[in-house]
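Structural features, examined
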Amino acid sequence: LTGTKKLFKRISTYDATDYSSWKNGVNDALIKTVYDALEARELVKVSILKTDFEEPKAIAAEIAEVINAEVIQVIGKTIVFYKESSKKKQIILPK
């Protein structure tokens, strides 16, 4: 892992907004919700419902590709995304 990803993983354990997926898997509403949350917070956790049988890594890759975000980690049914906000930058990376 890069130093940046390690930093995001540490931050996400205590300071990431948590969202749950819908029953319908990946759809426009879920993608919009994650995108809007990333614009507001930059770091977001998404919990996939246990009844969703799609692979979490596949869901993460699909969402990340559509909204141009980075997948920080996938643990079980929880995905952590990062995307630098264009309007409300909150996470300042050390140089």
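The coordinates are above.
Side note on the overall build of the protein
Counting secondary structure elements, the protein contains three helices and four strands. Secondary structure of the protein in N-to-C order comes out as α-β-α-β-α-β-β. Per-residue burial for the protein yields a buried fraction of 40% across its 95 residues. Partitioning the contacts of the protein with sequence separation of at least 6, the portion at a separation of at least 24 is 69%. When the accessible surface of the protein is summed, it comes to about 6,000 Å², and 53% of that surface belongs to carbon and sulfur atoms.

Focus on the nonpolar core
If you look at the biggest cluster of nonpolar residues, it comprises 17 residues, and the most contacted ones within it are V34, L38, I63, I67 and F81. Counting only elements with at least two residues in this core, the list comes to α2 (28–41), β2 (43–47), α3 (56–67) and β4 (78–82). Leaving out residues up to four positions away in the same chain, I63 has contacts with V26, L30, I31, V34 and F81.

The rules behind each value
- Residues numbered from 1 in each chain as written.
- Predicted model: local features only at pLDDT ≥ 70, side-chain atom pairs only at ≥ 80, totals over all residues.
- Heavy atoms only, no water.
- Helix = DSSP H or I, 4+ residues; strand = E, 2+ residues; numbered from the N terminus.
- Buried < 20%, exposed > 50% of the residue type's maximum accessible area, 1.4 Å probe, protein only.
- Contact = heavy atoms within 4.5 Å.
- Areas by Shrake-Rupley, 256 points an atom, 1.4 Å probe, with all protein chains shown as cover.
- Core = buried A, V, L, I, M, F, W, Y, C linked by side-chain atoms within 4.5 Å.

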